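Tertiary structure, described
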Amino acid sequence: MSKLIQEIQKGRVLVSDGAWGTFLQKKGLLPGECPEQWNIIRPNDVFDIAQSYIEAGSDMIETNSFGGNYFKLKGYGLQAQVFELNKAAAEISRKAAGSERFVLGSVGPTGKLLMMEEVTELELYDAFKEQSMALEAGGADAIVIETMTDLEEARIAVKAASENTGCEVICTMTFDKILSGEYRTMMGISPAEMTETLVEAGAAIIGANCGNGIADMIGIVKEIRKVNAEVPILIHANAGMPQYCDGETTFPETPSDMAGRVKEIIDAGANIIGGCCGTTPDHIFKVHQVVKSF
Amino acid sequence: MNDLLTKLSECIEFGKINLASPYPPQMKGQDGADEITRLALETGVNPQDILSKGLMPGMERVGIKFRENKVFVPQVLMSAKAMSTAMLHLKPHFLSGAAKQKGTFIIGTVLGDLHDIGKNLVGMMVEGNGYKVIDLGTDVSSEKFIAAVKENPDAVIGLSALLTTTMVNMEKITKDIKDAVPGTLVTIGGAPVNNDFCHKIGADNYSADPQGVVEYLNVKFA
């Protein structure tokens, strides 16, 4: 199978998948339940999610492994099953993707702060190494390190994945628009700072995920493009900020809202477009239709 | 003497922990919160003044800068570290009654949610502003909040959640607390929540940033 980056170099814009967390919740994942454990105890439900995005037209599918690192799984007493749960996650998505679509092994933050000495660099490296290798063993083509806010943790994750697997490494961080109108992660990192550090650490593709909706993502893509004209950019946008009504959270941006911004974000320089929290197969279907028309 | 307290407030504001700490670069080689607090106590500065004229103004300034997006989480964490170093010296004086905290704040991340960065930030900022903080940790049930408020009557409770999947638990926890101990005030925060949500679930206050919690407590404990 060719690499993502080769597809992008052909001038293609690719479509990624939508939300997993909010989808699992719809399928009955309870608060306090470990999402990654579903790869073993409810693999058919996880497969359904992967398949529904493939059917919607996604060129790639993530894995149900966002919180599958040692530190997060330890919170559920499942730290001995890091390899098993991640490998299963990749196998499920591989089955849905077949041989024609890409599988992106999802790797999220550990929740531990280096600067507060809650964890050492080596411990972080080992955790990301273990998770990435398990995702590769289950059939992942790429590792997508996502929702990062601390640049040092992101850099260590990129290094661990690129030095220990043959997968392409993608890294996306989560930015907010601050009062000055600029974009920063919670830890104060700008898109420009991210770009320089992650490309140097070995990331093949960089970008942004989660956040406040697709409109802000356009600004973030422009910021990245200002400092780097070449690096492929992946965007996984939320369907806006969650709203609460009658015991349920909903997301305001409809599939058409999202699709309506796709041309703009491609013009700004994005190469892969998908969704994050609150997006559904319908969002991805609409995005796919716009991308296809180019 | 005032000079010491001014210096201490700057150590808190800029996150200078002790002499050995290389952070922040512009204060390298200078005494930090650790040394200055010790010196202040040795030279007879009133512990209450150390808290209210040294630590609190520094913490307030960093809280305001955080709200204004002039500093980010790492700077606040360094300030909090400097503050807790100073607090270690003050602890005996709180116990003896020589220095008094303004009130008690009970904080926890709600049931089902294991995220603690935001909760810790708020806890540290509130402590640095002169309150006793009881941190119940993450994944905290209604029962634990209720037990803590029964042990500490008049405490205000802070609920934190990072996830859209766990923010919904705030509604039940708020209701349970208010049923068990009527009149208890509940303030909420976290990335997915807002003022509208706060009203819908019957909580008393929403703050978008830690300084907002401090300001709310300052009004309630005035």
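Look above for the structure.
Quick look at the structure, then. Per chain, residue numbering runs from 1 following the sequence as it is written. Here the convention is simple: chains get letters from A, ligands get numbers from 1, in the order in which they are written. Local features in this predicted model are restricted to residues of pLDDT 70 or higher, and side-chain atom pairs are both shown and tallied only at a pLDDT of 80 or more, whereas totals for entire chains, interfaces and linings draw on every residue. Hydrogens and waters are ignored; side-chain quantities use all the structure's heavy atoms.

The subject of this paragraph is the overall build of chain A. By the criteria applied, helices consist of DSSP H or I runs no shorter than four residues and strands consist of E runs no shorter than two, each listed in order from the N terminus. From N to C terminus, chain A includes 13 helices and twelve strands. For 294 residues, the compact-globule formula gives about 19 Å, and the C-alpha radius of gyration of chain A, at 17 Å, lands near that figure. Residue pairs in contact within chain A that sit at least 24 positions apart in sequence constitute 77% of those at least 6 positions apart. Carbon and sulfur atoms form 50% of the exposed surface of chain A, whose accessible area is close to 11300 Å². On chain A, the mean spot of the 25 positive side-chain charges and the mean spot of the 41 negative ones are 5 Å from each other. Using C-alpha atoms as the atom set, the radius of gyration is obtained and then compared with a globule rule of 2.2 Å times the number of residues to the power 0.38. We call two residues in contact when some of their heavy atoms are within 4.5 Å. Working definition of accessibility: Shrake-Rupley area with a 1.4 Å probe, residue cover restricted to the visible protein chains. His is not counted, nor are the chain ends, whereas Lys and Arg count as positive and Asp and Glu as negative. For charged residues, the charge sits on one atom: NZ in Lys, CZ in Arg, CG in Asp, CD in Glu.

When glycine is set aside, most residues are seen to have a negative phi, and most peptide bonds are trans. Residues and elements named next belong to chain B. Between Tyr23 and Pro24 the backbone carries a cis peptide bond, its omega angle lying at -10°. Looking at the element boundaries, Pro24 is found in the loop between α1 (2-14) and α2 (33-42). A positive phi is found at Asp139, a non-glycine position, where the angle reads about 55°. Checked against the element boundaries, Asp139 lands in the loop between β2 (132-135) and α6 (142-151).

A word on the sheet that holds strand β3 (residues 156-160) of chain B. All names here are of chain B. Strand order in the open sheet made by the five strands is β2-β1-β3-β4-β5, with parallel pairing throughout. With partners counted over all chains shown, the strands left at the sheet margins are β2 and β5 (205-206), one partner each. Inter-axis angles, ranging from 0 to 180 degrees, are taken between N-to-C directions of lines fitted to C-alpha atoms, where helices are fitted over the stretch in contact. This element, helix α7 (residues 169-180), spans β3 and β4 (186-189) of the sheet and lies at about 165° to β3. Strands pair, by our definition, only if DSSP identifies at least two bridges between them.

Chain A puts 25 residues into the contact, and the matching count from chain B is 27 residues. Here the buried area means the combined drop in accessible surface, using a 1.4 Å probe, for two parts upon being joined, counting both sides. Across the chain A/chain B interface, buried area totals approximately 2200 Å², and carbon plus sulfur atoms make up 68% of it. The largest per-residue losses of area from chain A upon contact with chain B belong to Met115, Met116 and Tyr244 of chain A, which jointly make up 29% of the total buried on that side. Throughout this description, the term salt bridge denotes a Lys or Arg side-chain nitrogen within 4 Å of a carboxyl oxygen of Asp or Glu. Counting across the chain A and chain B interface gives one salt bridge. Polar contact criterion, stated in full: a pair of N or O atoms within 3.5 Å, where within protein one must be able to donate a hydrogen and the other to accept it, and residues adjacent in sequence count only if both atoms are side-chain atoms. Across the contact surface, chain A and chain B share four residue pairs in polar contact (both at pLDDT 80 or more). Ten residues, namely Ala, Val, Leu, Ile, Met, Phe, Trp, Tyr, Cys and Pro, are considered nonpolar, four, namely Asp, Glu, Lys and Arg, are considered charged, and the remaining ones, Gly among them, are considered polar. Residues belonging to the side of chain A that touches chain B are distributed by class as follows: 13 nonpolar, nine polar and three charged.

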